[in-house]
Amino acid sequence: MGCGGTIFLKKKAGADIKVVYMTDGSKSHSRFMPEDELRAIRVKEAIAACGILGVDEKDIIFLNYEDGKLIDSQETAVHNVTGILRENKPQQIFIPYYKEGHLDHVMTNSIVVSALRICNINAMVYEYPVWFWFHWPWVGFSGERWEIKSALKNTLSSWFGLRLLKDFRYSTELASVETIKRKALEQHQTQMTQYISNPEWITLADVAKGKFLECFFSK
């Protein structure tokens, strides 16, 4: 979601891209299906989405740490990421924003930064927002109780958007790749559709009445 357009444009320009998935996605809708089944589906979705963006399956790495519990695997994760960095020697690295508000995203940032220190690789690091957008004025204070609570918390912690002006200094123009990005995102059917016919199955379009999802196509 956070840098799909950038991935596509990088591949179009001939860049060598590696995509690393830190967690297995097994908890996103685990009360509706077994975690092993959901984990397998999420892998297929990731491969399909990356394919739309031009990334071959051989260039996708799944570390498969338990969804929601990356904080419990920091040491192992730093070791594994260090190995990936040493093998690929990237010039640029894209990771979730350090003030994301989503613990796995925050931990991913911390793990990669720690691994970089160990490797002593001089790479440019870019941070992209995902759940950071879940605050006013990008989403309003309406909807389910958890949405209102989360949006209010995020808004207060971000100084009403002032952090955005301080930390976010680059953007990618998505007008030319919006169709591709939407098609890639559609491959994540467990997130984009009511995969199982149950009114409680939440999709990304349900979050903040669709305003959250549209944040990813505004630049």
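Here the structure is shown first, and the text comes after it.
Scope of this entry: the structure provided in the associated data block. (Residues numbered from 1 in each chain as written. Predicted model: local features only at pLDDT ≥ 70, side-chain atom pairs only at ≥ 80, totals over all residues. Heavy atoms only, no water.)

A separate point is the packing of helix α3 (residues 74-88) against helix α4 (residues 103-119). The geometry of α3 relative to α4 is characterised by a closest axis approach of 8 Å and an angle of 55 degrees between their N-to-C directions. In terms of orientation, α3 and α4 fall into the oblique class. α3 and α4 meet at a crossing whose hand is right-handed. Within the contact between the two elements, α3 uses Gln74, Ala77, Val78, Val81, Thr82, Leu85 and Arg86 and α4 uses Met107, Ile111, Val112, Ser114, Ala115, Leu116, Ile118 and Cys119. (Axes fitted to C-alpha atoms, helices over the stretch in contact; angles between N-to-C directions. Helix = DSSP H or I, 4+ residues; strand = E, 2+ residues; numbered from the N terminus. Parallel < 35°, antiparallel > 145°, perpendicular 65-115°, else oblique. Left-handed = near helix turned anticlockwise from the far one by under 90°. Contact = heavy atoms within 4.5 Å.)

Turning to the side chain of Asp67, a few remarks are in order. Relative to the helices and strands, Asp67 resides in the loop between β2 (60-65) and α3. Of the side chains with opposite charge, Arg42 lies nearest to the buried Asp67, which makes no salt bridge, at 5.2 Å. (Buried < 20%, exposed > 50% of the residue type's maximum accessible area, 1.4 Å probe, protein only. Lys, Arg positive; Asp, Glu negative; His and termini not counted. Salt bridge = Lys/Arg side-chain N within 4 Å of Asp/Glu carboxyl O.)

Below, the discussion takes up the packing of aromatic side chains. Following the criterion strictly, the structure yields 13 aromatic pairs and no others. Measuring from ring centre to ring centre gives 5.2 Å for Phe132 and Phe168, while their planes differ by 80 degrees; the resulting arrangement is edge-to-face. Here Phe132, found in the loop between β4 (124-128) and α5 (145-157), pairs with Phe168, found in the loop between α6 (162-167) and α7 (178-186); they are 36 residues apart in sequence, far enough to count as distant. As far as burial versus exposure is concerned, Phe132 and Phe168 are alike and both buried. Where Phe212 meets Phe216, the ring centres are 5.2 Å apart and the plane angle is 85 degrees; that geometry is what we call edge-to-face. As far as burial versus exposure is concerned, Phe212 and Phe216 are alike and both buried. Aromatic ring contacts, followed pair by pair, group Tyr97, Tyr98, Phe132, Trp133 and Phe168 into a single cluster. The ring of Phe217 has Lys181 sitting right over it, with the charged end atom 5.7 Å from the ring centre. (Phe/Tyr/Trp six-rings, centres within 6.5 Å; stacked < 30°, edge-to-face > 60°. Lys NZ or Arg CZ within 6 Å of the ring centre and 35° of its normal.)

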